Amino acid sequence: MHVVVIAKNTPDTEATVSVDASGNADWGDKLVVNPWDEYAITEAVLLKGAHNVTATVITLGTEEHAEALKHGLAIGCDQAIRIWDDALAGHDGLAYATAVAAAVNKLGDVSLVIFGKELSDIASDQHIFQTARKLGWNMLGFVAQIEAIDFAAKTIRVSRLTEQGSQVVSSALPAVISVVKDINEPKYPTFIGIRKAARAEIPVWDAAALGLDAAALSSKTAHIRYQALPAREGAVEIIDGATVQEQAEALVDKLLEDKVL
Amino acid sequence: MDFALTEEHVMAQQMVRDFAQKEIYPTIKEWDRKHAPHPDVLPRMAELGILGINVPVRYGGQGFDYITLALVCEELERVDATLRVVMSVHMGLNCMALMQWGTEEQKQRFLAPQARGEKYAAYALTEADAGSDPVSLRSTARREGDVYILNGEKMWISLATLADNILVIAKTDPHAERPHKGITAFMITRDMKGVTTGDIHGKMGVRAGSTGWIAMQDVEVPVENRIGEEGEGFYVAMSCLDNGRYTVGAGAVGCIRACLEDSVKYARERETFGVPIAHHQLIKQKIAYMQQWYDAAKLLILKAGWLKNQGQRNTRETAVAKWFATDMSVKAALEAVQLHGAYGFSDEYDVERYLRNAKGAVIYEGSSEIQQLIQADYALEYRKDKPLRCELPAYDVDYWQSEV
Ligand SMILES: Cc1cc2nc3c(=O)[nH]c(=O)nc-3n(C[C@H](O)[C@H](O)[C@H](O)COP(=O)(O)OP(=O)(O)OC[C@H]3O[C@@H](n4cnc5c(N)ncnc54)[C@H](O)[C@@H]3O)c2cc1C
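Rules of the game
Residues numbered from 1 in each chain as written. Chains lettered and ligands numbered in written order. Predicted model: local features only at pLDDT ≥ 70, side-chain atom pairs only at ≥ 80, totals over all residues. Heavy atoms only, no water. Helix = DSSP H or I, 4+ residues; strand = E, 2+ residues; numbered from the N terminus. Areas by Shrake-Rupley, 256 points an atom, 1.4 Å probe, with all protein chains shown as cover. Lys, Arg positive; Asp, Glu negative; His and termini not counted. Charge placed at Lys NZ, Arg CZ, Asp CG, Glu CD. Contact = heavy atoms within 4.5 Å. Buried area = accessible area lost by both parts, 1.4 Å probe. Salt bridge = Lys/Arg side-chain N within 4 Å of Asp/Glu carboxyl O. Polar contact = N/O pair within 3.5 Å; in protein donor to acceptor, adjacent residues only side chain to side chain. Nonpolar A, V, L, I, M, F, W, Y, C, P; charged D, E, K, R; others polar. Near = heavy atom within 4 Å. Expected span 1.5 Å × (residues − 1). Buried < 20%, exposed > 50% of the residue type's maximum accessible area, 1.4 Å probe, protein only. Patch = residues over 30% accessible without salt bridge, like charges linked within 9 Å, V, L, I, M, F, W, Y side chains within 5 Å. Phe/Tyr/Trp six-rings, centres within 6.5 Å; stacked < 30°, edge-to-face > 60°. Pairing = 2+ DSSP bridges. Axes fitted to C-alpha atoms, helices over the stretch in contact; angles between N-to-C directions.

Caption draft 1: Fine view of the overall build of chain A. When helices and strands are tallied, chain A shows 6 helices and 13 strands. Expressed as lengths along the three principal axes of its C-alpha atoms, the size of chain A is roughly 70 × 45 × 40 Å. When the accessible surface of chain A is summed, it comes to about 13,700 Å², and 50% of that surface belongs to carbon and sulfur atoms. Separation between the mean location of the 22 positive side-chain charges and that of the 35 negative ones in chain A comes to 9 Å.

Right under this line is the structure:
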């Protein structure tokens, strides 16, 4: 039995992102493990600790994206796989999902696929739902807690975070879940894990290895251009007044004048 | 020549950085103000394996090399010197002494539990009247059958009230013709009858750490706890300093980095005369120097670490690295305070803490004055290293990382 976590490297969340005149984004040159995926990796390792399952971490990307895999191994995943094929250059969500689903199928015996809630750079999560669809498995998004999981009986019960509060749902396994911050406290790598990760030879699965035509991995959509957020303009104004009452009145007048209220 | 760190180095460094920044940094100021050891530091460093980082796996450690130890110390002192002090005494001055001088039985009995973080370790050489001149120490060890009876008082001992195992240096022959030949090293344990300890209050720096005294009154120490031969203690004590100084210097590199990073951030934010102070050339100069000190100090430390990995004697190289790195950490901290203006003078910012901490490191483990004498004496050939009966083992990855 297998738990698979799909992780990705994303630009450092502390980097200043800029967009040039022709719409190319500069994300900075440092990559980090997508912060949401840290929860996903930890959850896989926790499941591995509590159940007799193998934890595998998969990433899709070029060589510099292997760090997410090393991080997964260092935290305690048993094995790592990198998916890459030149046909995936500039991939969209669907191409991503097609490749990932094929890798999960190739592993076989997978009960659960875990994703972090979204990618921190482009704030996108469609590839997660598309992966579930490609696999034909149930999709449980925004999981805040796995309340119960029985790999043998093939059932899972989770608590999902919704805009209104939370919702408890159960499903058959195999399933795909995406996890939010409440699910756990991300683990640090262990030194033994680091030693293992540093030595690991990570296999690369290309289209042929996934049993796919390169054409199946071609994208239907493409990023044309990025646009920078409009600069925020604003100024601070300190409201004078002898008493709090006067200050409050002046503030209300101002807010009405500016049509904020 | 290869300046690159390995993937293992970088990942270990990142892991310790995350720990120190996420778990300790948010509350360090509180404990520094209270003059009390941060309660999470030792247990978490134990749990995460940091306390055994460069000890072979077969002795309960993590199997990393000596360079990793330096990287770890840098990350720890980036947050606060007290975290690095733990590595200096527990690892540099105690665990590594066992790696160098301990018998197989002593490694099993002391090193393994220390590396696993089950026991904390300290090192007690200094006395109230014997600091820079340790040969003048007065603690005694009198042999009676299968035990030594230890008497005396040690001062300025880091982790005095927290350590379980303490490497104590005492005189077995107070009247030896050549006084340094009358000195012997012993591992005493806190639970031995006649051992009492206390904290020293009112310190300028390392306030979130523990520094204290250890009194020994007729403490019976089994012969099996003697580290090295009788009369070999001075060499044991000095070889410990080769490792302790390495950690202190590596920590000072972290302190310089802290000064640099905080100064860069502040210089970009703070404005005078209508521009960020970073635009003023005199401010740039301070930042440029901090960068230079950081780079040079780090290179000296890594060179010493490389020598340790190779199994080559590094007394001089380690001493020069410790001297330079700690002196420059004081200068960097002074500049960082200056750059922060009045805010640097307040404990609202961290830089005044860096300064108070940095000042300790130019005193302990051989003051800067002593370091200068050492360098001059090597250059003048008044001092030469003689081979030791036991040398620190070279780093051998297969031996270090295999279970047995
Ligand atoms: C925070 C802290 C933690 C410590 N932790 C430990 C520990 O864990 N274990 C331990 O054993 N010790 C520890 N020490 C003690 C430390 O190693 C000594 O303080 C140090 O060796 C200096 O000794 P001293 O304080 O007696 O100064 P002294 O030796 O009295 O020196 C006084 C001054 O004279 C200078 N001086 C001395 N001799 C010469 C000379 N020949 N030429 C020129 N100048 C000279 C010194 O540099 C210094 O400036 C610690 C000290 C501190 C402050």
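Caption draft 2: Geometry of the interface of chain A and chain B. Taken together, the contact between chain A and chain B spans 12 residues of the former and 21 residues of the latter. Note on chain A versus chain B: buried area summed over both sides is about 1,400 Å², and carbon and sulfur give 66% of it. Contact with chain B buries surface across chain A, with Y188, F191 and R195 of chain A losing the most and accounting together for 60% of the total. The shortest N-O distance in the salt bridge between K70 of chain A and E7 of chain B comes to 3.2 Å. Summed over the shared surface of chain A and chain B, the result is 4 residue pairs in polar contact (both at pLDDT 80 or more). No other element matches the 7 residues that helix α5 (residues 191-199) of chain A contributes to the side of chain A that touches chain B. Of the residues in the side of chain A that touches chain B, the class split is 8 nonpolar, 1 polar and 3 charged.

Caption draft 3: Fine view of the site of the ligand. Residues and elements named next belong to chain B. Residues in close proximity to the ligand total 19 residues, the closest being T126, S132, W156, S367 and E369. In the environment of the ligand, a nitrogen atom lies 2.9 Å from a nitrogen or oxygen atom belonging to the backbone of Y123. When the ligand sits alone it has 970 Å² of accessible area, and the protein chains cover 64% of it. Contributions of two or more residues to the shell around the ligand are made by β1 (121-124), β3 (147-158) and α11 (368-379). Class assignment for the residues of the shell around the ligand results in 11 nonpolar, 6 polar and 2 charged.

Caption draft 4: Representation of helix α8 (residues 315-339) of chain B. In this model, α8 of chain B (25 residues) spans 36 Å end to end at C-alpha, consistent with the 36 Å of a helix rising 1.5 Å per residue. Phi turns positive one or two residues past the end of α8 of chain B, at G341 of chain B, with a value near 60°.

Caption draft 5: Structural context of the environment of R116 of chain B. Residue and element names in this part refer to chain B. Along the chain, R116 falls in the loop between α5 (104-115) and β1. Under the relative-accessibility criterion, R116 is labelled partly exposed at 42%. With 163 residues separating them in the primary sequence, R116 and H279 have C-alpha atoms 49 Å apart. Excluding residues within four positions of it along the chain, R116 makes contact with A46 and G60.

Caption draft 6: How the structure looks around a negative patch on the surface. All names here are of chain A. Judged by side-chain charge, E246, E249, D253, E257 and D258 come together as a negatively charged surface patch. Of note, D258 is situated in the segment after α6 (244-257). Judged by relative accessible area, D258 falls into the exposed class, the value being 51%.

Caption draft 7: A look at the side chain of R245 of chain B. Residue and element names in this part refer to chain B. Secondary-structure assignment places R245 in helix α6 (residues 233-269). No salt bridge is formed by the buried R245; the nearest opposite charge belongs to D242, separated by 5.0 Å. In contact with R245, not counting residues within four places along its chain, are T318, K322, E365, G366, Q371 and I374.

Caption draft 8: Representation of unusual backbone geometry in the model. In this model, L173 of chain A is joined to P174 of chain A through a cis peptide bond whose omega is 0°. Relative to the helices and strands, P174 of chain A is located in the loop between β11 (166-172) and β12 (175-179). We note that E365 of chain B has phi near 55°; this positive angle belongs to a residue other than glycine. A relative accessible area of 13% means that E365 of chain B is categorised as buried.

Caption draft 9: Spotlight on the packing of aromatic side chains. All names here are of chain B. The full count for this structure, using the stated rule, is 11 aromatic pairs over all chains. With 6.1 Å between their ring centres and 70° between their planes, Y343 and Y349 make a pair best called edge-to-face. Judged by relative accessible area, which is 28%, Y349 ranks as partly exposed. Through successive ring pairs, a cluster of aromatic residues spans Y66, Y395, Y399 and W400.

Caption draft 10: Region of interest: the sheet that holds β11 of chain A. Residue and element names in this part refer to chain A. Pairing in this open sheet of 9 strands is mixed, and the strands run β11-β10-β9-β12-β8-β1-β6-β7-β13 from one edge to the other. The open sheet has two edge strands with one neighbour each: β11 and β13 (204-205). One ladder, built from 7 bridges, connects strand β10 (residues 155-161) with β11; its direction is antiparallel. Of the residues in β11, the one forming a bridge with S159 is V168. Contacts between helix α1 (residues 35-50) and the sheet are confined to β1 (2-6), β6 (54-60), β8 (110-116), β9 (138-150) and β12, with β8 contributing the most and set at about 150° to the helix. Along the sheet, helix α2 (residues 67-75) makes contact with β6 and β7 (79-83), crossing β6 at roughly 165°.

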